[in-house]
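What follows is the residue order along each chain.
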Amino acid sequence: MTADSEVHPASIWAVSALLAGVFLNAALLRYEGMHYPNAAHPWQLLLTTIVYSLFLCFGVCYFPLRLGNRSEGSFDNIIQSVFGTTPAWVFKRVVIPVWAATWFAFLTTLGTSALGWSLTHPFPVDPPGWPPHPLLVHGIWFLMIGPIADASLPRLANSSVFVVKVSFAAILGLLLSSARFAPATIARIQGLDEMPGLTFESHVLIWAIPPLFVCANLIRPYVAARRTARIILIVGIALPLLFVLLSAIYTMAGAAAIDGRWAKVPEYAEYAGARFHKIGWVKLLVLTFTLLTAARLAVNAAVRSLTNRKSLVVGAIVTALLMGASFWTQNSVWAQLAWQYAAVPFAPLAGVLCGNYAAFGAAMPTLSSRDRAVTILSWISGCLVTCGPAFMGESHHSMAVHSAWVLLGWMSSFTAACTYLSMKKISGHCES
């Protein structure tokens, strides 16, 4: 086992907290809250959320991490066995750092903006849109991220427990503050001559899949035992996903009934800080706290992928570089899109690994160079299916990566890999 995979069993709740922290995040709530009209379709919404949870739990986490012998330790060895040395190197040294940098840039833009408002405008009647001291704000953000950037995954998981508790309380508080007004919005929507149908093009899949792979070495020791696997899947993935999606939608449904501006522009963070002259600045400050687990995980992933040296200095340097890179996309539409396209390779990769599991079970087959070429092509085809439809739209608003495409890309890679490897197994040309 690698050092990152050596976790004491008592830390299973910390592992679950780390995964939950990816979902209990103001940035994800911001995306999902925009779909508040779906509050009028509670059963369809619940069914869709359950499908997403099952996909993440089993199609991305459980079956891919069951591959191979537990003694092999690092999940990197599984990637190398299925795809070969060069693709495994590209995945670790290129795909993960690019995704981590773009995801961190997006989180930094939201975090520093909310932090700046909270620290510089606690009592104004009409607050300006940007804090007067951005360097101070970015310095505080750096101090919240940098000291733990080089930490091992177990230490990162332990540090996320308190953050997740605060995040849960903040999200629940905002939900309770507006949920009682949600029935008025639902009644208004249902009273329309043509009630809008369920259009839940959620960002949750493209958001959640890369962190699950980044945490693979931390999760993998637990998936062999059913009890611990259930805790990880339910407490770390399914329940946080369900809680966040429903909270975002019903919070903003209530906000839409409180004030018409939230019906037109359902911005979750702006609603939290709406009563700025009272305690809105406190709510924004707490919402900034919800971004910490994801931001720390992004920087940690970059550090572990780019260098084998782990020290406070290395972590600080990487954090500073990533914060500097975030300025390039701060006011650009690509701040919203770059992290989505950087996350595209992860779902098809999970599809190929699930195809491998479907064909051979947990046993890792010995693949020839030709077999690996097919798995690589399956991976690439899934990537094209996932992001291809985005370039067919007429505006940048249609270029976001939707959940339907993520599922289709995963299915494309899974079908191609499973079909080929099953035929190889039947013909007896692969040795277990």
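Residues numbered from 1 in each chain as written. Predicted model: local features only at pLDDT ≥ 70, side-chain atom pairs only at ≥ 80, totals over all residues. Heavy atoms only, no water.

1. Topic: the pattern of salt bridges
Reasoning step 1: Within this structure, the stated rule accounts for three salt bridges.
Reasoning step 2: Across the pair Arg 30 and Glu 267 runs a salt bridge, and its minimum N-O distance is 3.3 Å. You can see Arg 30 sitting in helix 2 (residues 26-33) and its partner Glu 267 sitting in the loop between helix 12 (260-264) and helix 13 (268-272), a full 237 residues away along the chain. (Salt bridge = Lys/Arg side-chain N within 4 Å of Asp/Glu carboxyl O. Helix = DSSP H or I, 4+ residues; strand = E, 2+ residues; numbered from the N terminus.)

2. Digging into the side chain of Thr 319
Reasoning step 1: Along the chain, Thr 319 falls in helix 16 (residues 312-326).
Reasoning step 2: You can call Thr 319 buried: its relative accessible area is 0%.
Reasoning step 3: Dropping the residues within four chain positions of it, Thr 319 is found in contact with Phe 104, Phe 142, Ile 145, Gly 146, Ala 149 and Val 299. (Buried < 20%, exposed > 50% of the residue type's maximum accessible area, 1.4 Å probe, protein only. Contact = heavy atoms within 4.5 Å.)

3. Some thoughts on the packing of aromatic side chains
Reasoning step 1: Within this structure, the stated rule accounts for 23 aromatic pairs.
Reasoning step 2: Taken together, a centroid distance of 6.1 Å and an interplanar angle of 40° make the contact between Phe 58 and Phe 63 tilted.
Reasoning step 3: Classification of Phe 63 by relative accessible area gives partly exposed; the value is 29%.
Reasoning step 4: Relative to Trp 379, the ring of Phe 83 lies with its centre 5.0 Å away and its plane at 50°, an arrangement referred to as tilted. In this pair, Phe 83 is assigned in helix 4 (residues 75-83) and Trp 379 in helix 19 (residues 369-387), connecting sequence segments 296 residues apart. Of the two residues, Phe 83 and Trp 379, neither departs from the other in class, the shared state being buried.
Reasoning step 5: Through a chain of ring-to-ring contacts, the aromatic side chains of Tyr 31, Phe 75, Phe 83, Phe 91, Trp 99, Trp 103, Phe 106, Trp 207, Phe 213, Trp 339, Phe 346 and Trp 379 assemble into a single cluster.
Reasoning step 6: Seen from the ring of Tyr 31, Arg 30 lies directly overhead, with NZ or CZ sitting 5.8 Å from the centre. (Phe/Tyr/Trp six-rings, centres within 6.5 Å; stacked < 30°, edge-to-face > 60°. Lys NZ or Arg CZ within 6 Å of the ring centre and 35° of its normal.)

4. Section: helix 18 (residues 346-360)
Note on helix geometry: an α-helix contains 3.6 residues per turn, so any two residues three or four positions apart are oriented the same way.
Reasoning step 1: In this model helix 18 runs 21 Å from its N-terminal to its C-terminal C-alpha over 15 residues, within 8% of the 21 Å that 1.5 Å per residue would give.
Reasoning step 2: Of all 15 residues in helix 18, 14 are buried, a share of seventy percent or more.
Reasoning step 3: Remark: Gly 361 follows helix 18 within two positions and exhibits a positive phi of approximately 75°. (Expected span 1.5 Å × (residues − 1).)

5. Re the packing of helix 9 (residues 204-214) against helix 20 (residues 403-427)
Reasoning step 1: Taken N-terminus to C-terminus, the directions of helix 9 and helix 20 make an angle of 50°; their axes are 8 Å apart at the nearest point. Considering the angle they form, helix 9 stands oblique to helix 20. The residues of helix 20 that touch helix 9, namely those facing Leu 205, Ile 206 and Ile 209, are Ser 403, Val 406 and Leu 407.
Reasoning step 2: Across the contact of helix 9 with helix 20, the residue classes break down as five nonpolar, one polar and no charged. (Axes fitted to C-alpha atoms, helices over the stretch in contact; angles between N-to-C directions. Parallel < 35°, antiparallel > 145°, perpendicular 65-115°, else oblique. Nonpolar A, V, L, I, M, F, W, Y, C, P; charged D, E, K, R; others polar.)

6. Some points on the environment of Val 318
Reasoning step 1: For Val 318, the position within the fold is in helix 16.
Reasoning step 2: Residue Val 318 is classed as buried on the basis of its relative accessible area, which comes to 12%.
Reasoning step 3: When the C-alpha positions of Val 318 and Ala 302 are compared, they lie 7.6 Å apart, and in sequence the two are 16 residues distant.
Reasoning step 4: Each residue touching Val 318, except ones within four places of it in the same chain, is listed here: Val 299, Ala 302 and Val 303.

7. Section: a nonpolar patch on the surface
Reasoning step 1: A contiguous nonpolar patch, built from Trp 13, Ile 234, Val 235 and Leu 239 and spanning about 370 Å² of accessible area, is present on the exposed surface.
Reasoning step 2: If you tally residues by element for the nonpolar patch, the top one is helix 11 (residues 226-258), at three residues.
Reasoning step 3: With respect to the helices and strands, Val 235 occurs in helix 11. (Patch = residues over 30% accessible without salt bridge, like charges linked within 9 Å, V, L, I, M, F, W, Y side chains within 5 Å. Areas by Shrake-Rupley, 256 points an atom, 1.4 Å probe, with all protein chains shown as cover.)

8. Comments concerning the packing of helix 19 against helix 20
Reasoning step 1: Taken N-terminus to C-terminus, the directions of helix 19 and helix 20 make an angle of 160°; their axes are 7 Å apart at the nearest point. Considered as vectors, helix 19 and helix 20 are oriented roughly antiparallel to each other. Pair helix 19 / helix 20 crosses with right-handed handedness. Side by side, helix 19 and helix 20 meet where Arg 370, Asp 371, Val 374, Ser 378, Trp 379, Ser 381, Gly 382, Val 385 and Thr 386 of the first sit next to Trp 405, Val 406, Leu 408, Gly 409, Ser 412, Ser 413, Ala 416, Ala 417, Tyr 420 and Lys 424 of the second. (Left-handed = near helix turned anticlockwise from the far one by under 90°.)

9. Thoughts on the environment of Tyr 271
Reasoning step 1: Relative to the assigned elements, Tyr 271 resides in helix 13.
Reasoning step 2: The spacing of Tyr 271 and Lys 283 is 12 residues in sequence and 9.7 Å in space, taken between C-alpha atoms.
Reasoning step 3: Contact partners of Tyr 271, with chain neighbours within four places excluded, come to Leu 174, Ser 177, Ser 178, Thr 251, Met 252, Ala 255, Ile 258 and Trp 262.

10. Structural notes on the side chain of Ser 178
Reasoning step 1: Locating Ser 178 in the fold gives a position in helix 7 (residues 153-178).
Reasoning step 2: Residue classification places Ser 178 among the buried positions, given a relative accessible area of 0%.
Reasoning step 3: Beyond its immediate sequence surroundings of up to four residues, Ser 178 is in contact with Tyr 250, Thr 251, Gly 254, Ala 255, Ile 258 and Tyr 271.

So far we have only geometry, and geometry alone does not tell us how the molecule works.
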